[in-house]
Amino acid sequence: MGATGSKLEKALGDQFPEGERYFGLENFGNTCYCNSVLQALYFCVPFREQLLEYYGNVRNPGDVEENLLTCLAELFMQISTQKKKTGVIAPKRFVQRVKKENELFRGYMHQGILTNETKCLRCETVTARDETFLDLSLDIEQNSSITSCLKNFSSTETLNAEDKFFCDKCCSLQEAQKRMKIKKPPHILVIHLKRFKYMEQLGRYKKLSYRVVFPLELKLTNTMEDADCEYSLFAVVVHVGSGPNHGHYVSLVKSHNHWLFFDDENVEMIDESAVQTSFGSAQEYASNTDHGYILLYESLATNNTS
């Protein structure tokens, strides 16, 4: 990594951000997905700052029971306090803890609020139920865009036949209309593209290589109850490979107006246009198997990563 690190430092030159660290993460065997998500989270600056503040407030880290949050905070502190500007870190402790759920960790993520509205078509009573979310999982179609996927996410669905809705006012099952709205948008919007779909005729999961265009600047319009909310893309977790059961994960991250490519231990500087290569394929069988899987956007109202 020494040569790679020197190459990155040379590429950035005088533009290397003061106080920033660009470190690759060691792969412990099939941990490329974890490493790619970790890089995206580290360069989510508001989240990173919260974790470092949390770690700084814990006077004796050894006195706190180890959990996912403490392991991640320790890893972020380890990276941010390195004397060298580039290198490789082994996130061993975090990888060992990542499979265990932890509600404390959820509290530090930037949650939004969804409203699930159901309207009885007989009495027209609207029932609304709020729920928090950390990410939006979107169905995808060939030659589509994130905007159209979000529009489909919030489109109206009719509940009838076996799917009728029990209306409390009518005290019976009734036909109804149902839709999801984003009531409160999160500061950090995480979008998961459903690229792995179970195909009944095949009896297995298949990777959808569909071309789904995602913009560098995203405006939430169709899903909002009031004003539009604008976001800026700062990270993409990319799945590389033709199928769901094999392949590799890498991440593209924006830091201080520069785009970087993270592939486990390796870190390279890339051009902004390289992000477009992960949109997907217009044809089913294409040579490019790099497809955007998870997108991370930061609200421009709170954006301080530039």
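Residues numbered from 1 in each chain as written. Predicted model: local features only at pLDDT ≥ 70, side-chain atom pairs only at ≥ 80, totals over all residues. Heavy atoms only, no water.

Quick word on the sheet that holds strand β3 (residues 112-120)
For step 1, the next point in the chain: The strand order across the open sheet built from four strands is β4-β3-β10-β7, with neighbouring strands paired in antiparallel fashion. Taken across any chain shown, the strands that pair with only one partner, and hence form the sheet edges, are β4 (126-133) and β7 (157-159). On average, adjacent strands in this sheet sit at an angle of 30° to one another, irrespective of strand direction.
For step 2, the next point in the chain: Note: β3 against strand β10 (residues 176-184), eight bridges, orientation antiparallel. Bridging across to β10, I113 finds its partner in K184. (Pairing = 2+ DSSP bridges. Helix = DSSP H or I, 4+ residues; strand = E, 2+ residues; numbered from the N terminus. Axes fitted to C-alpha atoms, helices over the stretch in contact; angles between N-to-C directions.)

What to know about the pattern of salt bridges
For step 1, the next point in the chain: In the structure shown here, the tally under the stated rule is eight salt bridges.
For step 2, the next point in the chain: R93 is the salt-bridge partner of E66, the closest N and O atoms lying 3.6 Å from each other. Of this pair, E66 sits in the loop between α3 (45-57) and α4 (68-80) while R93 sits in helix α5 (residues 92-97), placing them 27 residues apart in sequence.
For step 3, the next point in the chain: Under the relative-accessibility criterion, E66 is labelled partly exposed at 34%.
For step 4, the next point in the chain: As a salt-bridge pair, E66 and R97 come within 3.8 Å of each other at their nearest N and O atoms. Of the two residues, E66 is situated in the loop between α3 and α4 and R97 in helix α5; the sequence distance between them amounts to 31 residues.
For step 5, the next point in the chain: Within the structure, one salt-bridge network assembled from shared partners comprises E66, E74, R93 and R97. (Salt bridge = Lys/Arg side-chain N within 4 Å of Asp/Glu carboxyl O. Buried < 20%, exposed > 50% of the residue type's maximum accessible area, 1.4 Å probe, protein only.)

Structural notes on the packing of helix α2 (residues 32-42) against α4
For step 1, the next point in the chain: Contact pair α2 / α4: the axes reach a minimum separation of 12 Å and the direction vectors enclose 70°. In terms of orientation, α2 and α4 fall into the roughly perpendicular class. Contacts from L38, L41 and Y42 in α2 reach L72, L75, F76, I79 and S80 in α4.
For step 2, the next point in the chain: Of the residues contributing to the contact of α2 with α4, the split by class is seven nonpolar, one polar and no charged. (Parallel < 35°, antiparallel > 145°, perpendicular 65-115°, else oblique. Contact = heavy atoms within 4.5 Å. Nonpolar A, V, L, I, M, F, W, Y, C, P; charged D, E, K, R; others polar.)

What about the packing of aromatic side chains?
Each aromatic ring pair is summarised here by two numbers: the centre-to-centre distance and the angle between the ring planes.
For step 1, the next point in the chain: Tallied over the full model, the rule gives twelve aromatic pairs.
For step 2, the next point in the chain: When the centroid spacing of 5.4 Å and the interplanar angle of 70° are considered together, the rings of Y198 and Y205 count as edge-to-face.
For step 3, the next point in the chain: Residue Y205 is classed as partly exposed on the basis of its relative accessible area, which comes to 47%.
For step 4, the next point in the chain: Taken together, F16, Y22, Y42, F43, F47, F76 and F262 form an aromatic cluster joined through their ring pairs. (Phe/Tyr/Trp six-rings, centres within 6.5 Å; stacked < 30°, edge-to-face > 60°.)

Let's talk about α4
For step 1, the next point in the chain: Compared with an ideal rise of 1.5 Å per residue, which puts 13 residues at 18 Å, α4 spans 18 Å between its outermost C-alpha atoms and is within 8% of the ideal.
For step 2, the next point in the chain: The buried count for α4 comes to ten of 13 residues, which makes it a mostly enclosed element.
For step 3, the next point in the chain: Those residues of α4 that sit buried are L68, L69, T70, C71, L72, A73, L75, F76, I79 and S80. (Expected span 1.5 Å × (residues − 1).)

Section: helix α7 (residues 146-153)
For step 1, the next point in the chain: Listing the buried residues of α7 in full gives I146, C149 and L150. All buried residues of α7 lie within an arc of 100° about the axis, which places them on one face of the element. (Arc of directions from axis to C-beta.)

As for the environment of F28
For step 1, the next point in the chain: Topologically, F28 is positioned in the loop between β1 (22-25) and α2.
For step 2, the next point in the chain: On the accessibility criterion, F28 (32% relative accessible area) is partly exposed.
For step 3, the next point in the chain: As for F28 and K92, which are separated by 64 residues in sequence, their C-alpha atoms are 7.8 Å apart.
For step 4, the next point in the chain: Filtering out sequence-adjacent residues up to four positions away, F28 remains in contact with A90, P91, K92 and V95.

Considering the environment of I270
For step 1, the next point in the chain: Mapped onto the secondary structure, I270 falls in strand β19 (residues 266-270).
For step 2, the next point in the chain: A sequence separation of 18 residues divides I270 from L252, and the C-alpha atoms of the two residues are 8.6 Å apart.
For step 3, the next point in the chain: Those residues within four positions of I270 in sequence are excluded, and the remaining contacts are L252, W259, L260 and F261.

Concerning the pairing of strand β16 (residues 229-240)
For step 1, the next point in the chain: By the criterion of burial, β16 is predominantly enclosed, with ten of the twelve residues buried.
For step 2, the next point in the chain: Bridge count between β16 and strand β20 (residues 290-299): nine bridges; the pairing is antiparallel. By the bridge assignment, H239 is partnered in β20 with H291.
For step 3, the next point in the chain: Here β16 runs beside strand β17 (residues 248-255); their pairing, made up of six bridges, is antiparallel. Note that in β17 the partner of H239 across the bridge is Y249.

Here we look at the packing of α3 against α4
For step 1, the next point in the chain: Contact geometry for α3 and α4: axes closest at 9 Å, N-to-C directions at 100°. What the angle tells us is that α3 and α4 run roughly perpendicular. For the pair formed by α3 and α4, the contact residues are F47, R48, L51, L52, Y54 and Y55 on the first element and L69, T70, L72, A73, E74, F76, M77 and S80 on the second.
For step 2, the next point in the chain: Across the contact of α3 with α4, the residue classes break down as ten nonpolar, two polar and two charged.

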